[in-house]
Amino acid sequence: MDVKIEDSWKEQLKDEFEKPYFKELTNFVRQEYQLRRIFPPGREIFNAFEHCSFDRVKVVILGQDPYHEPGQAHGLCFSVKAGTPPPPSLVNIYKEIESDLGKTAPKDGDLTRWANQGILLLNATLTVRAHLAGSHQNKGWELFTDAVIHRLAEKRQHIVYILWGSYAQRKGAFIDKSANLVLQSAHPSPLSAYRGFFGCKHFSKTNDYLIATGQTPVEW
């Protein structure tokens, strides 16, 4: 199957695209875009991969579902399009960066600048119906994004995996902690941020590890 995804990822995931579940997923998603309002726009489904080729990944941040309101989702987890106010979880992420690094938070919620530095901003599910959170879960996306993480874990080392919340932690449970840095905390959502996300210092810890392994730190 010819999937429009960045070339290095296309090569790494080519076997996945031929599996029955992916063909079923493709049919489901195509029909959903024809019949309903779906986010992100179709051309941005694989945006996380476009900005961060396989060999450039040095940090993976795992999200769950795309934002489901207009003007928000654009294929990068926790990120919203320029001009859209940052949602509550992203506001809390910025607060932690400010506390951790003493860096003033930007007013913009577009995290493309992170993706361009080698951060794979990966949601477990890559599409969603408008106004209906979780509406494309259990359709096959989770199998595909599991394959993405497995491929990285098999072929790459010294990656920082940032797992916020129990869902992300379950999804990344297999990652080899002796060959990578795995950072875990509560989710930055207002419902849980005070249970361990605030004060986690994941941003400075990420940069310390990148420097220690001969990589360029992230300009958060």
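Scope of this entry: the structure provided in the associated data block. Just so you know, these numbers come straight off a predicted model, no measurement behind them.

Some details on the pairing of strand 5 (residues 160-164)
The buried count for strand 5 comes to five of five residues, which makes it a mostly enclosed element. Residues of strand 5 alternate between two faces, with Val160, Ile162 and Trp164 on one and Tyr161 and Leu163 on the opposite face, all of them buried. Note: strand 2 (residues 59-63) against strand 5, four bridges, orientation parallel. Its bridge partner being in strand 5, Ile61 is matched across the sheet by Ile162. As paired elements, strand 5 and strand 6 (residues 181-185) share five bridges and run parallel to each other. Note on strand 6: the bridge partner recorded for Val160 is Leu181. Traced from strand 5 through helix 8 (residues 166-171) to strand 6, the parallel crossover comes out right-handed.

Observations regarding the state of the cysteines
Tallied over the full model, the rule gives zero disulfides. As a non-bridged cysteine, Cys52 has Cys77 as the owner of its nearest cysteine sulfur, 11 Å distant. The exposure class of Cys52 is buried, given its relative accessible area of 0%. Here Cys200 is not cross-linked by a disulfide; its sulfur's nearest cysteine counterpart is in Cys77, at 14 Å.

Considering the nonpolar core
Within the largest apolar cluster, 66 residues are counted, with the highest numbers of intra-cluster contacts made by Trp9, Phe49, Ile61, Trp114, Leu120 and Phe144. Apart from the residues within four sequence positions on either side, Trp9 is in contact with Phe49, Cys52, Ser53, Phe54, Val57, Leu120, Val148 and Leu152.

Quick notes on the packing of aromatic side chains
Considering all chains together, one arrives at 19 aromatic pairs under this definition. Relative to Phe197, the ring of Trp164 has its centre 5.3 Å away and its plane inclined at 90°; by these criteria the two rings are edge-to-face. On the criterion of sequence distance, the pair formed by Trp164 in strand 5 and Phe197 in the loop between strand 6 and helix 9 (202-212) is long-range, its members being 33 residues apart. For Trp164, a relative accessible area of 2% puts it in the buried group. We classify Phe197 as buried; its relative accessible area is 0%. Ring pairs connect the aromatic residues Trp9, Phe17, Tyr21, Phe22, Phe46, Phe49, Phe54, Trp141 and Phe144, which therefore count as one cluster.

Definitions and limits used
- What you see as residue numbers is a count from 1 along each chain, following the sequence as written.
- Only residues with pLDDT of at least 70 are given local features in this predicted model, and only at 80 or more are side-chain atom pairs given and counted; all residues enter the totals for whole chains, interfaces and linings.
- Hydrogen atoms and water are omitted, and side-chain values are computed over all heavy atoms in the structure.
- Buried residues are those whose accessible area, probed at 1.4 Å on protein chains only, stays under 20% of the maximum for their type, while exposed residues exceed 50% and partly exposed ones sit between those limits.
- Secondary structure elements follow DSSP: runs of H or I no shorter than four residues count as helices, runs of E no shorter than two count as strands, and numbering proceeds from the N terminus.
- Strand pairing requires that DSSP identify at least two bridges connecting the strands.
- We call a crossover right-handed when, viewed with the strands running away from us, the connection from the first strand over the helix to the second turns clockwise.
- Cysteine sulfur atoms that come within 2.5 Å of each other are treated as a disulfide pair.
- Throughout this description, the term nonpolar core refers to a set of buried Ala, Val, Leu, Ile, Met, Phe, Trp, Tyr and Cys residues connected via side-chain atoms within 4.5 Å.
- In what follows, residue pairs with any heavy atoms lying within 4.5 Å of each other are defined as contacts.
- Two rings from Phe, Tyr or Trp (for Trp, the six-membered ring) form a pair when their centres sit within 6.5 Å of each other. Planes less than 30 degrees apart are called stacked, planes more than 60 degrees apart edge-to-face, and all others tilted.

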